[in-house]
Amino acid sequence: MDFNMKKLASDAGIFFTRAVQFTEEKFGQAEKTELDAHFENLLARADSTKSWTERILRQTEVLLQPNPSARVEEFLYEKLDRKVPSRVTNGELLAQYMAEAAGELGATTPYGKTLLKVSEAEKRLGAAERDFIHTASVSFLTPLRNFLEGDWKTISKERRLLQNRRLDLDACKARLKKAKAAEAKATTVPDFQETRPRNYILSASASALWNDEVDKAEQELRVAQTEFDRQAEVTRLLLEGISSTHVNHLRCLHEFVKSQTTYYAQCYRHMLDLQKQLGRFPGTFVGTTEPTSPPLSTTSPTTAAATMPVVPTVASLATPGEAPLCLEEVAPPASGTRKARVLYDYEAADSSELALLADELITVYSLPGMDPDWLIGERGNKKGKVPVTYLELLS
C-alpha cells in the first residue's frame, strides 16, 4: 500500500510539472524544444492523411448506404461484434412492388407483362447493387477503417508519449537553468567588512547545496534527453510508415474503381436487355430519338459505356399504315453511296437490321423519305438498316 501511494504521489508530481511547463510555454514564459523540419513535415502529412481518410470513408459510406438510419444501425452492429442483418436494396423492393402490381392488375395485359419484365430487371439491378456494396466494403472501406482504428491509434499514442517526454525534457532544462543561476548567486564571496562570519558560513553551505542541486539537475537532464531521443526515433519510424499506408490505400482505390466499373457495366447490360425485350412487346414505348447510351462491346465489359449512344428500335421507325420496307427490293442509288467505319458493336433487333462489329468498314446510303437516324448498310451480300450514331462516315 505504501508503494502504491508513493507511486501515486510521484505520478501526480510528474503530471503537475508537465502542466506547469505546458502552461508557461503557452504564455511564452518558458522555452520549448523544437522538432526538426523533416519531423514536422512527417507530422503534417500524417495529420492530413488521417483527416482525408476520415472524410473519404464517411462519404463512401454515404454513397453505398444513403439512409443515415441504416448507417447508424450498421455501426452499432459492428461495435457490438454482431453480424449485420441482410437488407433489401431499393431495386429489389421496387421489383417486389412491380411484381405484386402486375399480379393484381393483370399479368396478361400489356401493362402487366411490362411490369413483370421491368420487375425482373430491377431485381437483377438490386442484386448487382448488393454485390457492389459488399465488394466495396471489403476491398475499400475495411482497409480505411483498419488504418484509423489500428495504425493511427498507435501513432497517436506514441505522439502523446513524445509530447510528454518533451515536456519532461524542457522542465529539466528550466530546472537546471534555475539551479545554475542560484549557484552563481550563492558562490559570490561576501565582504568581511560588511558581513558577519556566521553569514559567510551559511553562504558557503548554501553554495555547496546548490552545487549538488546542479549536479542532480544535469543528471536528470541527461536521462530526459535520452528518453526523448528514443521516443522521437520510434515516432519518426511510425510516421515514415505513412508512405506504405498511401501505397495500400492506392491499391484499395483501384479495387474500388474496378468494382464500381463492373457494377455500372452490369446495370447497363441489364437495362439494355430490358429495352430490347420491351421493343418486342406490342403497344409498348421503346427507344428515343435522342441518343443516350450505346451497348457495351462484348470484348471489353469495363469500357466507358455511359458515353455511347442507344438508338430507337426498328419497331418505332415505321409510320402508321406504312408497309414494312423490303430490303431485297432496294437497289443502291447510282451515286451517293459512302464508306463508313463502325464505332461500336451493334446487335440487330430483327431481320431488317444489319448486325455490326466495331472497326469494320461497310457501304451505306440513304433512301428518299427514310428516317435520318438510319441508313441502309451493305456488307458483302448482306444488307440491312444501320443506326447513324454507330457510324463514322468517311469521305
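Shown above is the structure to which this text applies.
Computed from a predicted structure; not experimentally measured. (Residues numbered from 1 in each chain as written. Predicted model: local features only at pLDDT ≥ 70, side-chain atom pairs only at ≥ 80, totals over all residues. Heavy atoms only, no water.)

> Sorry, what's going on with the sheet that holds strand β5 (residues 391-393) here?
Within a sheet, each strand pairs with its neighbour through backbone hydrogen bonds, oriented either parallel or antiparallel. With antiparallel pairing, the five strands of this open sheet are ordered in space as β4-β3-β2-β1-β5. Edge strands, defined here as strands with exactly one partner in the open sheet, are β4 (382-387) and β5. Within this sheet the neighbouring strands show an average axis-to-axis angle of 40°, counted without direction. Sheet analysis places strand β1 (residues 338-342) next to β5, joined by three bridges and oriented antiparallel. Each bridged residue has a counterpart across the sheet, and for Ala340 the counterpart in β5 is Leu393. (Pairing = 2+ DSSP bridges. Helix = DSSP H or I, 4+ residues; strand = E, 2+ residues; numbered from the N terminus. Axes fitted to C-alpha atoms, helices over the stretch in contact; angles between N-to-C directions.)

> Would you explain the packing of helix α2 (residues 37-64) against helix α7 (residues 242-279) in this entry?
Each pair of packed helices can be described by the angle between their axes along with the distance between the axes. Here α2 crosses α7 at 20°, and the two axes come no closer than 12 Å. Classified by the interaxial angle, the pair formed by α2 and α7 is roughly parallel. In the packing of α2 onto α7, the handedness of the crossing is left-handed. Contact residues: Arg45, Ala46, Thr49, Thr53, Thr60 and Leu63 in α2; Ile242, Ser243, His246, His249, Phe256 and Gln260 in α7. (Parallel < 35°, antiparallel > 145°, perpendicular 65-115°, else oblique. Left-handed = near helix turned anticlockwise from the far one by under 90°. Contact = heavy atoms within 4.5 Å.)

> Got a minute to help me understand the packing of aromatic side chains in this structure?
When we look at a pair of aromatic rings, we describe it by the centre distance and by the angle of the planes. Evaluated as defined, the whole model comprises seven aromatic pairs. Between Phe132 and Phe256 the ring centres are 6.2 Å apart and the planes differ by 35°, which places this aromatic pair in the tilted class. On the criterion of sequence distance, the pair formed by Phe132 in helix α5 (residues 110-186) and Phe256 in helix α7 is long-range, its members being 124 residues apart. Judged by relative accessible area, which is 8%, Phe132 ranks as buried. On the basis of relative accessible area, Phe256 is assigned to the buried category, the value being 9%. (Phe/Tyr/Trp six-rings, centres within 6.5 Å; stacked < 30°, edge-to-face > 60°. Buried < 20%, exposed > 50% of the residue type's maximum accessible area, 1.4 Å probe, protein only.)

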